[in-house]
Amino acid sequence: MPLRIALILGSTRPGRRGDQIAAWALKAARAHGGADYELVDLADHNLGNLDEPGNPNLQQYQHDHTRAWGALIDSFDGYVFLVPEYNRSYPGALKNALDYVYREWNDKAAGIISYGGWVAGARAPKHCGSSSPNSRWPRSAPSPPSPHTPRSTPAPSSPRRASTSPWAACSTR
């Protein structure tokens, strides 16, 4: 049975660029092969703010949406998080989705593709990786943005502006 890898779209914001990033990442992953890749869009799961009264480590979920989320996350062998940079960090919707369950994430590979913001998404992976609920993800050193990826580099006399490229940066964690 091939590995199952989830590409988790970490933004639920209307007008997000994540749909473009997700389409590109899913196409690239499937072209690479080696696993079955599936897009998991947080906007499709209506998790809302964390509403489980118990510790997720105990897996005593009281809500159907949490049980469904836990079963979905547990069904994958690894994850690639598609993470926009919002306010120098990553979206609250992703943090919430990470916090809903715990054991389901354990001992599985995880990577991050980041984009957006003033610095082409460079800060989002650091925050996402350091505040993830799971210290049991295998870790690797962050990769710098690809030199072949467009980045926001304002001219010396121009005001600083965000990148207009949806492919602003790629990092792994």
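Small disclaimer: the values here were computed from a predicted structure and weren't measured. (Residues numbered from 1 in each chain as written. Predicted model: local features only at pLDDT ≥ 70, side-chain atom pairs only at ≥ 80, totals over all residues. Heavy atoms only, no water.)

**Describing the packing of aromatic side chains**
A ring pair, where both rings are aromatic, is described by two values, the distance of the centres and the angle of the planes.
Working step 1: Under the criterion given, the structure shown has four aromatic pairs.
Working step 2: Each ring, one from Phe-76 and one from Tyr-79, has its centre 6.5 Å from the other, and the planes form 70 degrees; the classification is edge-to-face.
Working step 3: Note on Tyr-79: relative accessible area 2%, which makes it buried.
Working step 4: Between Phe-81 and Trp-105, the ring centres sit 5.8 Å apart and the planes meet at 50 degrees, which makes this aromatic pair tilted. Here the residue Phe-81 occupies a position in strand β3 (residues 78-84), and Trp-105 occupies one in the loop between α3 (92-100) and β4 (109-115), the gap between them amounting to 24 residues.
Working step 5: Taking the relative accessible area as the measure of exposure, Trp-105 reaches 1% and is therefore buried. (Phe/Tyr/Trp six-rings, centres within 6.5 Å; stacked < 30°, edge-to-face > 60°. Buried < 20%, exposed > 50% of the residue type's maximum accessible area, 1.4 Å probe, protein only. Helix = DSSP H or I, 4+ residues; strand = E, 2+ residues; numbered from the N terminus.)

**Remarks on the pattern of salt bridges**
For side chains bearing opposite charge, pairing can occur when the charged atoms are close.
Working step 1: Across all of its chains, the model carries six salt bridges by this definition.
Working step 2: Glu-38 is the salt-bridge partner of Arg-4, the closest N and O atoms lying 2.8 Å from each other. With a gap of 34 residues between them, Arg-4 in strand β1 (residues 4-9) and Glu-38 in strand β2 (residues 36-41) connect regions that are remote in the sequence.
Working step 3: A relative accessible area of 32% means that Glu-38 is categorised as partly exposed.
Working step 4: Among the ionic pairs, Asp-74 bridges to Lys-108, the shortest N-O distance being 3.6 Å. Of this pair, Asp-74 sits in helix α2 (residues 64-74) while Lys-108 sits in the loop between α3 and β4, placing them 34 residues apart in sequence.
Working step 5: Of the residues examined, Lys-108 reaches a relative accessible area of 11% and is grouped as buried. (Salt bridge = Lys/Arg side-chain N within 4 Å of Asp/Glu carboxyl O.)

**Points about the sheet that holds β1**
Working step 1: The four strands lie next to each other as β2-β1-β3-β4, forming an open sheet whose pairing is parallel. Each having just a single partner strand, β2 and β4 make up the two edges of the open sheet. Direction aside, neighbouring strands of the sheet carry axes that sit 20 degrees apart on average.
Working step 2: Bridging between β1 and β2 involves six bridges; their strand directions are parallel. Across the sheet, residue Leu-9 finds its bridge partner in β2, namely Asp-41.
Working step 3: Against the sheet, helix α1 (residues 18-32) makes contact with β1, β2, β3 and β4, and its axis sits at roughly 170 degrees relative to β2, the strand it touches most. (Pairing = 2+ DSSP bridges. Axes fitted to C-alpha atoms, helices over the stretch in contact; angles between N-to-C directions. Contact = heavy atoms within 4.5 Å.)

**Section: the pairing of β3**
Working step 1: Burial runs high along β3: six of the seven residues are buried.
Working step 2: In the sheet, β1 pairs with β3 via five bridges, with the strands oriented parallel. By the bridge assignment for β3, Leu-7 is matched with Val-80.
Working step 3: The pairing of β3 with β4 spans seven bridges and is classified as parallel. Looking at the pairing, Phe-81 lines up with Ile-112 of β4.

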